[in-house]
Amino acid sequence: MSQLRHFIDLWKLEPEVLRTILDDAHTRKASRKGWTTGMVDHDAPGKGRRLAMIFEKHSTRTRFSFDAGMTQLGGSTLISTASDMQLGRGETIEDTARVLSRMVDAVMIRANNHEDVQRFAQYSSVPVVNGLTDKSHPCQIMADLLTFEEHLGRVEGQTIAWIGDGNNVCSTFIQAAAKFRFKLQIACPPQYHPDIHDLARGAEWVTMTDDPVAAVAGAQCVVSDTWVSMGDTDGEARLDAFEAYQVDDALMDKAAPGAKFMHCLPAHRGEEVTDEVLDGPRSLVWDEAENRIHAQKSILAWCFGAIG
Ligand code: CP
Ligand code: NVA
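In what follows, the accompanying structure is described. (Residues numbered from 1 in each chain as written. Chains lettered and ligands numbered in written order. Predicted model: local features only at pLDDT ≥ 70, side-chain atom pairs only at ≥ 80, totals over all residues. Heavy atoms only, no water.)

### Here's the deal with the site of ligand 2
Using the following cut-off: Summary of the distance rule: residues count as near a molecule or strand when at least one heavy atom falls within 4 Å of that molecule or strand. In the analysis that follows, any N or O atom pair within 3.5 Å is treated as a polar contact, provided that within protein one partner can donate a hydrogen and the other can accept it, and provided that, for residues neighboring in sequence, both atoms belong to side chains. Here, Shrake-Rupley sampling with a 1.4 Å probe gives the accessible areas, and only protein chains in the shown set may cover a residue. Each residue gets one of three labels, nonpolar for Ala, Val, Leu, Ile, Met, Phe, Trp, Tyr, Cys and Pro, charged for Asp, Glu, Lys and Arg, and polar for the others, Gly among them.
Taken together, L132, N167, N168, V169, D225, T226, S229, M230, C264 and L265 form the complete shell of residues around ligand 2. Within the side chain of N167, an N or O atom sits 3.3 Å from a nitrogen atom of ligand 2. A distance of 2.8 Å is found between an oxygen atom of ligand 2 and a side-chain nitrogen or oxygen belonging to N168. Burial of ligand 2 by the protein chains amounts to 94% of its free accessible area of 270 Å². Its residues placed into classes, the shell around ligand 2 shows five nonpolar, four polar and one charged.

### Considering unusual backbone geometry
Quick reminder of the rule: Secondary structure is summarised from DSSP: a helix means a run of H or I of at least four residues, a strand means a run of E of at least two, and numbering begins at the N terminus for each.
Note that the residue after L265, namely P266, is joined by a cis bond; omega there is 5 degrees. As for its position among the elements, P266 is in the loop between β9 (260-263) and α11 (275-278). With a phi angle near 115 degrees, L132 is a residue other than glycine that sits in the positive phi range. For L132, the position within the fold is in the loop between β4 (128-130) and α5 (138-152).

### Focus on the pattern of salt bridges
When the charged atoms of two side chains with opposite charge come close together, those side chains can pair. Cut-off, in case you're wondering: For salt bridges, the criterion is a side-chain nitrogen of Lys or Arg within 4 Å of an Asp or Glu carboxyl oxygen. Throughout, exposure labels follow a simple rule: accessible area from a 1.4 Å probe, protein chains only, divided by the maximum for the residue type, with under 20% read as buried, over 50% as exposed, and the rest as partly exposed.
Per the stated rule, a full pass over the model turns up 23 salt bridges. The residue R154 makes a salt bridge to E156 at a minimum N-O spacing of 3.4 Å. For D232, the salt bridge identified is with R238, shortest N-O distance 3.5 Å. Among the residues examined, D232 registers a relative accessible area of 28% and is labelled partly exposed. Here the salt bridges do not stand alone but share partners, grouping D24, R28, R32, D41, D43 and K297 into one network.

### Regarding the site of ligand 1
Around ligand 1, a shell composed of S59, T60, R61, T62, R110, H137, Q140, C264, L265 and R292 is seen. Here an oxygen atom of ligand 1 and a side-chain polar atom of S59 are 2.7 Å apart. Here Q140 contributes a side-chain N or O atom positioned 2.9 Å from a nitrogen atom of ligand 1. Against a free-state accessible area of 260 Å², the protein chains account for coverage of 95% of ligand 1. Partitioning the shell around ligand 1 into residue classes produces two nonpolar, five polar and three charged.

### Re the packing of helix α2 (residues 61-72) against helix α12 (residues 285-303)
To be explicit about the condition: Simply put, an axis is a line fit to the C-alpha atoms, just over the touching stretch for a helix, and the angle between two N-to-C directions goes from 0 to 180 degrees. Orientation categories follow fixed angle ranges, with anything under 35 degrees roughly parallel, anything over 145 roughly antiparallel, 65 to 115 roughly perpendicular, and all other angles oblique. Helix crossings are classified by the rotation of the near helix relative to the far one: an anticlockwise turn of less than a right angle makes the crossing left-handed, while a clockwise turn makes it right-handed. The contact definition used throughout considers only heavy atoms, calling two residues in contact when any of these lie within 4.5 Å.
Where α2 meets α12, the closest approach of the two axes is 8 Å, and the angle between their N-to-C directions is 50 degrees. Classified by the interaxial angle, the pair formed by α2 and α12 is oblique. Helix-helix and strand crossings are classified by hand; for α2 and α12 the assignment is right-handed. Mapping the contact onto sequence places R61, T62, S65, F66, A68, G69, M70 and Q72 in α2 and A289, R292, I293, Q296, K297 and L300 in α12. Class assignment of the residues belonging to the contact of α2 with α12 gives a composition of six nonpolar, five polar and three charged.

### Looking at the side chain of S283
Topologically, S283 is positioned in the loop between α11 and α12. Classification of S283 as buried rests on a relative accessible area of 14%. Within the structure, S283 has its side chain in polar contact with the backbone oxygen of L278 (distance 2.8 Å). If sequence neighbours within four positions are ignored, S283 has contacts with F261, V277 and L278.

### Let's talk about the packing of aromatic side chains
Each aromatic ring pair is described using two quantities: the centre-to-centre distance and the angle formed by the ring planes. Stated precisely, the cut-off is as follows: The criterion for an aromatic pair is that two Phe, Tyr or Trp rings (for Trp, the six-membered ring) have centres within 6.5 Å, with stacked assigned to planes under 30 degrees apart, edge-to-face to planes over 60 apart and tilted to the rest.
Applying the stated criterion across every chain yields a total of six aromatic pairs. Centre to centre, the rings of F7 and W302 are 6.5 Å apart; their planes meet at 75 degrees, and the pair counts as edge-to-face. Highlighted residues: F7 in the segment before α1 (15-30) and W302 in helix α12, separated in sequence by 295 residues. Judged by relative accessible area, which is 6%, W302 ranks as buried. When the centroid spacing of 5.8 Å and the interplanar angle of 15 degrees are considered together, the rings of W227 and F242 count as stacked. Residue W227 is found in the loop between β8 (221-224) and α9 (235-241), and its partner F242 is found in the loop between α9 and α10 (249-252); the two are separated by 15 residues along the sequence.

Take a look at the structure:
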């Protein structure tokens, strides 16, 4: 079995590891107050290290936050779309993994198929980080939990509501609920339910309903995401099915007093969330986007063996 520290599936990682990463992100972020984005952390755990980033899908936050984060760790990055690589002409994932392992110290991949990231990791001799697949988005959820804790205190024992599609981000929240021991109340149309394996993994911590009002009851934080994810081909049907799942001020008012709103972005204003909520005082989305940097730095620091 590989001793490499891959960050691909939250459900495969120990709760202590995930807590160590999250605590390091809190500390690392606090220690940079007033610094510019290019300044290097005192311990520079990425010094002398290179991170390759491969994208099969579009990205704004993942691309720039990993670049900023690696710079702040004292390392550097190299970025490519998969279609610009020989991967796009049929070179195998296995051979690509073997080659890149000789050239960089870690690889972050955003892939269409989750299994491709797992296969890459199997043949890589450097750590591999999941930058989003059809099944999950673990870096996003670590940033979300960092954001939650900054505004609402430790997440253990608290309640988060997920409104909308049971997609990759929702599935990762389910995995996280079981690891960090928080309650996750999901409202989604039955035909767009989350992955059943993830539901089984989070069974003790997750409830499901098709009623958004029921899902936000008692929740300290309400979360939504696009109704049409990258790779979804049934956009029209989705817009119809999710019509009743928009997060607006009226729905936010039914959550716990002081409840906040999160969204991984990009948002489709006027679909899954209104402008009022996204731009309003309950929205944490800009902190959440920035926290991609801080959470991923600690993920990389763990991959490099600098923490944990
Ligand atoms: N939230 C997120 O992953 O954003 P990007 O698709 O812009 O990377
Ligand atoms: N669920 C969305 C998240 C984008 C960051 C998607 O996969 O497209």
